[in-house]
Amino acid sequence: MKAALENYQARMQRVLDHIDQHLDDDLSLEALSGVAAFSKYHFHRQFTSTFGVSVHRYVQLARMKRASYRLAESDAQSVTDIAMDAGYDAPDAFARAFRQRFGQSPSSFRKSPDWGSWLMAFGPLEKARNTLMQIIFEHDDVTIRDVPPTPVAIMEHRGDRATLQDTIQRFIAWRKAAGLSPEISPTFNVFRSEREPAIPADYSMDICAGTAQPIEANDAQMKAGVIPGGRCAVLRYPGNTNNLEPAALYLYREWLPASGEEARDFPIYCQRHLSHFPEGPLREVVVELFLPLK
């Protein structure tokens, strides 16, 4: 029974991964049922019952999410091209759908994104990814590594996660201005609170760029700091990198008690390799979660 369930879940996860990595390809019901190796006559019901959203709706949301990033991140691509990449035949149809979802026109969003409305708009997509069966970790998935101390520039986010995208955009803008691309400067997130604390205003996270260059004295956004070196339990996260809580809970609840190790007095943190979310396709983001040990 357990093996059959895990096989079913793995096939559904394969579909989500395929969608994320092939947004420009054929993502029809027939194509995706083939990825899952399910009958196309039942796949749409299976998908909807598993994720709470239809296949068509999920693909629409995933493409619209990419389109919103492209609008916010760069002026190089026209709204018409972004609309076509999102699967719309005409820019006016894309504009109507965009305004309906975000309460802003694409051009208005490009100038000044309302990230609070953006976060609410993608609630169904986030829920679909996060309510998928939990990824099953094994003890051998965790390695213990001695990591060196890393000097970083820190942007603190304090307050409701609904405003986190604003902080991310300011971090990206600062990083670009400082010439610290993700390829030369590792990206870290230090999690100083639960993902969803009882009081939303208590949410706390540091977004960091690895660099030893000094921070300007008049820089009100950033401060210098260090990701401390030492022994860490390291878990590579293979799933949706927007929500690392399942991996963190596994480290704390299961791996740590069974390992005989003790946690060090520094928060759990992650390093994002190759591309800083939300820049670049999801397949280019590799995340490792670090639990500092004594």
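Everything here concerns the structure above.
Residues numbered from 1 in each chain as written. Predicted model: local features only at pLDDT ≥ 70, side-chain atom pairs only at ≥ 80, totals over all residues. Heavy atoms only, no water.

1. Examining the sheet that holds strand β7 (residues 269-273)
One open sheet accounts for 8 strands, arranged β1-β6-β8-β7-β3-β4-β2-β5; its pairing is antiparallel. Sheet topology places β1 (142-147) and β5 (223-227) at the edges, where each strand pairs with a single neighbour. Each strand of the sheet is rotated relative to its neighbour by a mean of 35°, with strand direction disregarded. When strand β2 (residues 150-158) meets strand β4 (residues 204-210), the two strands line up antiparallel, connected through 7 bridges. Residue Met-155 lies in a different strand from β4, and its bridge partner there is Ile-207. With respect to the sheet, helix α10 (residues 164-178) is in contact with β2, β3 (187-191) and β4, its orientation differing from that of β4 by roughly 15°. (Pairing = 2+ DSSP bridges. Helix = DSSP H or I, 4+ residues; strand = E, 2+ residues; numbered from the N terminus. Axes fitted to C-alpha atoms, helices over the stretch in contact; angles between N-to-C directions. Contact = heavy atoms within 4.5 Å.)

2. Digging into the pattern of salt bridges
The final tally for this structure, using the stated rule, is 11 salt bridges. Note that Arg-158 and Glu-156 form a salt bridge whose closest N and O atoms lie 3.7 Å from each other. Residue class for Arg-158 comes out partly exposed when judged on its relative accessible area of 42%. Residue Arg-195 is joined to Glu-196 by a salt bridge in which the shortest nitrogen-to-oxygen separation is 3.7 Å. Beyond isolated ion pairs, a larger network of salt bridges with shared partners links Glu-156, Arg-158, Arg-192, Asp-206 and Lys-223. (Salt bridge = Lys/Arg side-chain N within 4 Å of Asp/Glu carboxyl O. Buried < 20%, exposed > 50% of the residue type's maximum accessible area, 1.4 Å probe, protein only.)

3. As for the nonpolar core
Residues Ile-19, Phe-43, Phe-47 and Phe-94 are the most contacted members of the largest nonpolar core, which totals 38 residues. Those elements that place two or more of their residues in this core are α1 (2-21), α2 (29-36), α3 (40-51), α4 (55-73), α5 (79-85), α6 (91-102), α8 (115-121) and α9 (123-130). Ranked by residues supplied to this core, first place goes to α4 with 9 residues. (Core = buried A, V, L, I, M, F, W, Y, C linked by side-chain atoms within 4.5 Å.)

4. Things to note about the state of the cysteines
Counted according to the given criterion, the structure contains 0 disulfides. With no disulfide of its own, Cys-208 lies closest to Cys-270 among cysteine sulfurs, the gap being 9.6 Å. (Disulfide = S-S within 2.5 Å.)

5. Concerning the packing of aromatic side chains
Taken as a whole and judged by the stated rule, the model has 11 aromatic pairs. Ring plane angle 50° and centroid distance 5.6 Å describe the contact between Phe-94 and Phe-98, whose orientation is recorded as tilted. Linking Phe-94 with Phe-98, this pair stays in helix α6, spanning 4 residues, or about one helical turn. Residue Phe-94 shares its accessibility class with Phe-98, and that shared class is buried. Note on Tyr-269 and Phe-290: the rings are 4.9 Å apart at their centroids and 0° apart in plane angle, and the pair reads as stacked. Within this pair, whereas Tyr-269 is found in strand β7, its partner Phe-290 is found in strand β8 (residues 286-292), the two being separated by 21 residues in sequence. The two residues Tyr-269 and Phe-290 agree in class, both being buried. By the ring-pair criterion, three or more aromatic residues cluster together here, those being Tyr-88, Phe-94, Phe-98, Phe-102 and Phe-109. Positioned above the aromatic ring of Tyr-203, the side-chain terminus of Arg-161 is 5.7 Å from the ring centre. (Phe/Tyr/Trp six-rings, centres within 6.5 Å; stacked < 30°, edge-to-face > 60°. Lys NZ or Arg CZ within 6 Å of the ring centre and 35° of its normal.)

6. Re α4
With 19 residues, α4 should reach 27 Å at 1.5 Å per residue; the first-to-last C-alpha distance of 27 Å fits that figure. Along α4, 14 of the 19 residues are buried, which leaves the element largely enclosed by surrounding structure. (Expected span 1.5 Å × (residues − 1).)

7. Quick word on helix α11 (residues 245-259)
An α-helical turn contains 3.6 residues, so a residue and the one three or four places further along point in the same direction. Here α11 is 15 residues long and its end C-alpha atoms lie 20 Å apart, about the 21 Å a rise of 1.5 Å per residue gives. The largest bend in α11 comes to about 35°, at Leu-251. Among all positions in α11, only Pro-246, Ala-247, Ala-248, Tyr-250, Leu-251, Trp-255 and Leu-256 are buried. Structurally, α11 contributes buried residues whose contacts are with β1, β6 (230-237) and β8. (Bend = angle between axes of the 7 residues up to and from the residue.)

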